[in-house]
Amino acid sequence: MSADDEFAEFATAHAERLRTTAFMLCRDWHLAQDLTQTALTKLYLSWRKAVQADNLLAYTQKILLRSYLDHRRRRSSTESTPGVLAEPAYRENPELRLTMLDALGHLPERDRAIVILRYFEDYSVEQVADVLEVPVGVVKSQTRRSLSKLRELLAADQLALFG
Amino acid sequence: MTEDLRALLRDDLNAERPPPLGDVVGAALRDGKRIRRGRRRLAVGGGAAAVVGVLAGVVVVGGALTSPAAAPGELGGVAAAPVPDVGVVPGRRVTPTVTAPMQGGAAKVTAPGFPPPSVPISPTVAASPGHTRTLAIPSGTLRPAEKQKEATPAAMAYLLTQLLPSAQTSSYAVVPGGELGVRVFIDDKLGPGNVQLTVARGDAGTPRPARGEMAKVTIVTYAVECGRAMSVTAEWPDGTTVRIDVDSCPPPGGSRGLPALVADPEAAARIAADPRWGVTMDASLVDIGGQRYPRLPGLAG
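The rules behind each value
Residues numbered from 1 in each chain as written. Chains lettered and ligands numbered in written order. Predicted model: local features only at pLDDT ≥ 70, side-chain atom pairs only at ≥ 80, totals over all residues. Heavy atoms only, no water. UniProt positions renumbered as here; feature names shortened; annotations may be inferred. Contact = heavy atoms within 4.5 Å. Buried area = accessible area lost by both parts, 1.4 Å probe. Salt bridge = Lys/Arg side-chain N within 4 Å of Asp/Glu carboxyl O. Polar contact = N/O pair within 3.5 Å; in protein donor to acceptor, adjacent residues only side chain to side chain. Helix = DSSP H or I, 4+ residues; strand = E, 2+ residues; numbered from the N terminus. Core = buried A, V, L, I, M, F, W, Y, C linked by side-chain atoms within 4.5 Å. Buried < 20%, exposed > 50% of the residue type's maximum accessible area, 1.4 Å probe, protein only. Patch = residues over 30% accessible without salt bridge, like charges linked within 9 Å, V, L, I, M, F, W, Y side chains within 5 Å. Areas by Shrake-Rupley, 256 points an atom, 1.4 Å probe, with all protein chains shown as cover. Lys, Arg positive; Asp, Glu negative; His and termini not counted. Charge placed at Lys NZ, Arg CZ, Asp CG, Glu CD. Phe/Tyr/Trp six-rings, centres within 6.5 Å; stacked < 30°, edge-to-face > 60°. Lys NZ or Arg CZ within 6 Å of the ring centre and 35° of its normal. Axes fitted to C-alpha atoms, helices over the stretch in contact; angles between N-to-C directions. Parallel < 35°, antiparallel > 145°, perpendicular 65-115°, else oblique. Left-handed = near helix turned anticlockwise from the far one by under 90°. Bend = angle between axes of the 7 residues up to and from the residue. Pairing = 2+ DSSP bridges.

You'll find chain A entered in an unreviewed UniProt entry as RNA polymerase sigma-70 factor, sigma-E family, with Paractinoplanes atraurantiacus given as the organism. According to UniProt, the comment filed for chain A under the heading Sequence similarities (unreviewed entry) is "Belongs to the sigma-70 factor family. ECF subfamily."

In C-alpha cells form, the structure reads like this:
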C-alpha cells in the first residue's frame, strides 16, 4: 500500500470524528469542514513524520486544534464571540436553558479545547498538555475553572449530572 | 463526571443536523500534492539561484585572477558550466502582456481594520518575476444574458466572493487611483492574502467588436516570500481587460503559506475570464452588490 493510500485510509476513517471535534470547538459546520480539510492537508504534508507518532489520531487532533487556534487568533481582533453576546439574554431569562455546546461556547478557545479533549476525547491531563503545549498545571487549573464556569451556566438538572 | 459530561455533549451533537461531509479527504490529497509540487519547484528554483550565485562569484573572483587574454565564457581556460533552465531566464524581465497597474505604493489604510498589516499590496509588478503562462478560455456566451448596468466596486466585490473557491473574505475596499476595482482580504485553508481585481476597457478600434468567445488569459507567478505572488490578466476582443493581483505575506514559521488561489492558477484564470466582469455588469449583480456593500471604504493611493 502506498503512502497516499495509507493516508487516504486513515483520513477517511477519522474525517467525521475530526469534523465533530472541530464543530464542538467552533460551532459552525462549514468552518469545521474547512478546519478538517486544513488539518488533513497538513497531515498529508507531514505524513512520513506523522506515521511515526505513537498515536496518529492524537497527532492529527493536535494539528486540528492548532489550525483552529490560529484561525481564532487571526479573527479575534475583528470579531466578538457569540458567547459574550448570548450571555445577557440568558441571564435575563432563566427559562432559557443552555445546551452543553452553548455553554462551551462561553469558554475561551483554549479552555474549550481543554474540556473537549479531557471530557469528550477522553485524553489524560498529560496528553492535553502535550497537544496544547502548555504545562500540566495549566491544564489542571484551567479545567477546574472551566468546569466551574459551566456549572454557573447550565441549568440545575444538568448540573446534577456532573456536580 | 466524565461520562455525564460526555453524555450531555453527545445529546447535543445528536440534535445537530450536520451537512454532508463531502470529499475532504480527496481535497486534502489534491491540496497536499499541489503544495508539494510548489515546494519542489521552489527548491529547484532556489538551487538554481544558488548555482547562479556561485557561478557569478567565480566569474568575479576568476576575472580578477585570470589573464586578460582569457576567452569569453572561459575562466582561466576552463569552460563555464551551463546554467540549468528552470523556467526563469536570467536577464529576461517578465511582465504581464496587458497591464492595468495599481496606483501608488504600499496601500495606506483609511478604513478601520483594513488590510491586515501582514499582507501589504505591492506597487505594480513584483521585483522577482517568475513564470508566465498564457491560456485561452472560452466564455461560453456571446452576449450578456441580462440587462446591463454600469459596474460598481460593490458588484465586483459580490461577484468576486461568489467566485473565490472556499475562501473567507473580509475587508472589502475600493482600489485607489480612480480605477474600477475592488480589493478583498482572503484567508483560505492554506494562507492569507489580498486579492485586487480591476476592470478596464481600452481602445478596441472602431467599430468595437463584440465581446467575443475567447479570453486570452496571462498568468504570471512570482517566486517571492512576501509581496506580489501572482497576476492574472484576461483580455477580451472588445478591449475589456480584467486583472487579478494576489499579494501575500505568509507568517514566518511555515505553518501557513500562500493562498490556495496562488497554488491553483487555473482557478484564478477562470475567475478572471468569467464573462460577467466588465465595465458594465448584470443588473442583478449590481443591485445585490449595492445592497450587500452599500458603503465600501476607499484606500489611499
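**Q** Go over the interface of chain A and chain B with me, naming the residues and quoting the values.
**A** At the junction of the two partners, chain A supplies 41 residues and chain B supplies 35 residues. Summing the contributions of chain A and of chain B, the shared interface buries around 3700 Å²; its carbon and sulfur component is 65%. The partner of Asp4 of chain A in a salt bridge is Lys33 of chain B, with the nearest N and O atoms 3.4 Å apart. Applying the counting rule to chain A against chain B returns 10 residue pairs in polar contact (both at pLDDT 80 or more). When residues in the side of chain A that touches chain B are grouped by element, the largest group, 12 residues, is from helix 2 (residues 29–45) of chain A.

**Q** Could you give an account of the side chain of Asp274 of chain B, with specific residues and numbers?
**A** On the secondary structure map, Asp274 of chain B appears in the loop between helix 5 (265–272) and strand 11 (280–282). Among residues more than four places away in sequence, those in contact with Asp274 of chain B are Leu163 and Trp236 of chain B.

**Q** Tell me what's going on with the nonpolar core, and back it up with residues and numbers.
**A** If you look at the biggest cluster of nonpolar residues, it comprises 62 residues, and the most contacted ones within it are Phe7, Leu40, Leu43, Leu104, Leu132 and Leu150 of chain A. It is helix 1 (residues 3–26) of chain A that provides the largest number of residues to this core, a total of 11 residues. Ranked by size, the runner-up nonpolar core spans 42 residues in total, among them Leu164, Trp236, Val242 and Tyr293 of chain B.

**Q** Provide a residue-level description of a positive patch on the surface, including the pertinent values.
**A** Together, Arg48 of chain A together with Arg37, Arg40 and Arg41 of chain B make up a positively charged patch on the protein surface. With 3 residues, the single largest contributor to the positive patch is helix 2 (residues 24–65) of chain B. Checked against the element boundaries, Arg41 of chain B lands in helix 2.

**Q** Residues and numbers for the packing of aromatic side chains, please.
**A** Within a pair of aromatic rings, the relevant descriptors are the distance that separates the centres and the angle that separates the planes. All chains considered together, the criterion is met by 5 aromatic pairs over all chains. Where Phe23 of chain A meets Trp29 of chain A, the ring centres are 3.8 Å apart and the plane angle is 5 degrees; that geometry is what we call stacked. The pair formed by Phe23 of chain A and Trp29 of chain A is uniform in burial state, with each residue classed as buried. In textbook terms, an aromatic cluster arises when at least three aromatic residues are bridged by ring pairs, as seen for Phe7, Phe10, Tyr44 and Trp47 of chain A. Residue placement shows Arg118 of chain A over the ring face of Tyr119 of chain A; its charged tip is 5.5 Å from the ring centre. One cation-aromatic arrangement involves Arg36 of chain B over Tyr44 of chain A; the distance from NZ or CZ to the ring centre is 4.3 Å.

**Q** If you had to explain the packing of helix 7 (residues 109–120) of chain A against helix 8 (residues 125–132) of chain A to someone new, which residues and values would you point to?
**A** If you want to describe how two helices pack, look at the angle between their axes and the distance between the axes. All names here are of chain A. At a closest axis distance of 10 Å, the pairing of helix 7 and helix 8 adopts a crossing angle of 140 degrees. With respect to each other, helix 7 and helix 8 are oriented oblique. Here helix 7 and helix 8 pass one another in a crossing that is right-handed. Counted together, Arg110, Ala113, Ile114, Leu117 and Arg118 of helix 7 and Val125, Val128, Val131 and Leu132 of helix 8 form the full contact between these two elements.

**Q** Give a description of helix 1 of chain A that names residues and reports values.
**A** Bending of helix 1 of chain A peaks at approximately 50 degrees at the position of His14 of chain A. Arg27 of chain A sits one or two positions beyond helix 1 of chain A and adopts a positive phi of about 60 degrees.

**Q** Describe the pairing of strand 5 (residues 168–174) of chain B, and please don't skip the residues or the numbers.
**A** Residue and element names in this part refer to chain B. Strand direction decides the pairing type here: strand 5 and strand 6 (residues 180–187), joined by 5 bridges, are antiparallel. Residue pairing across strands places Ser170 opposite Phe185, the latter belonging to strand 6. In this antiparallel pair of consecutive strands, strand 5 and strand 6, the connection spans 5 residues, and Gly177 shows a positive phi of 85 degrees.

**Q** Provide a residue-level description of unusual backbone geometry, including the pertinent values.
**A** Residue and element names in this part refer to chain A. Its identity as a non-glycine residue notwithstanding, Asp122 has a phi of 65 degrees, on the positive side. Within the secondary structure layout, Asp122 lies in the loop between helix 7 and helix 8. On the basis of relative accessible area, Asp122 is assigned to the partly exposed category, the value being 48%. With a phi close to 55 degrees, Glu133 is a non-glycine residue in the positive phi region.

**Q** Explain the side chain of Thr240 of chain B to me, and be specific about the residues and the numbers.
**A** Residue and element names in this part refer to chain B. Here Thr240 shows up in strand 10 (residues 240–248). Under the relative-accessibility criterion, Thr240 is labelled buried at 1%. In this structure the side chain of Thr240 is engaged in a polar contact, spanning 2.9 Å, whose partner is the side chain of Asp238.

**Q** So what's going on with the pattern of salt bridges? Residues and values would help.
**A** On inspection of all chains with the given rule, the structure shows 17 salt bridges over all chains. Two residues, Glu16 of chain A and Arg19 of chain A, come together in a salt bridge whose shortest N-O distance is 3.0 Å. Here Glu16 of chain A pairs with Arg19 of chain A, and both are found in helix 1, just 3 residues apart, close to one helical turn. Taking the relative accessible area as the measure of exposure, Glu16 of chain A reaches 38% and is therefore partly exposed. Salt-bridge contacts for Arg201 of chain B lead to Asp238 of chain B; the nearest nitrogen and oxygen are separated by 4.0 Å.

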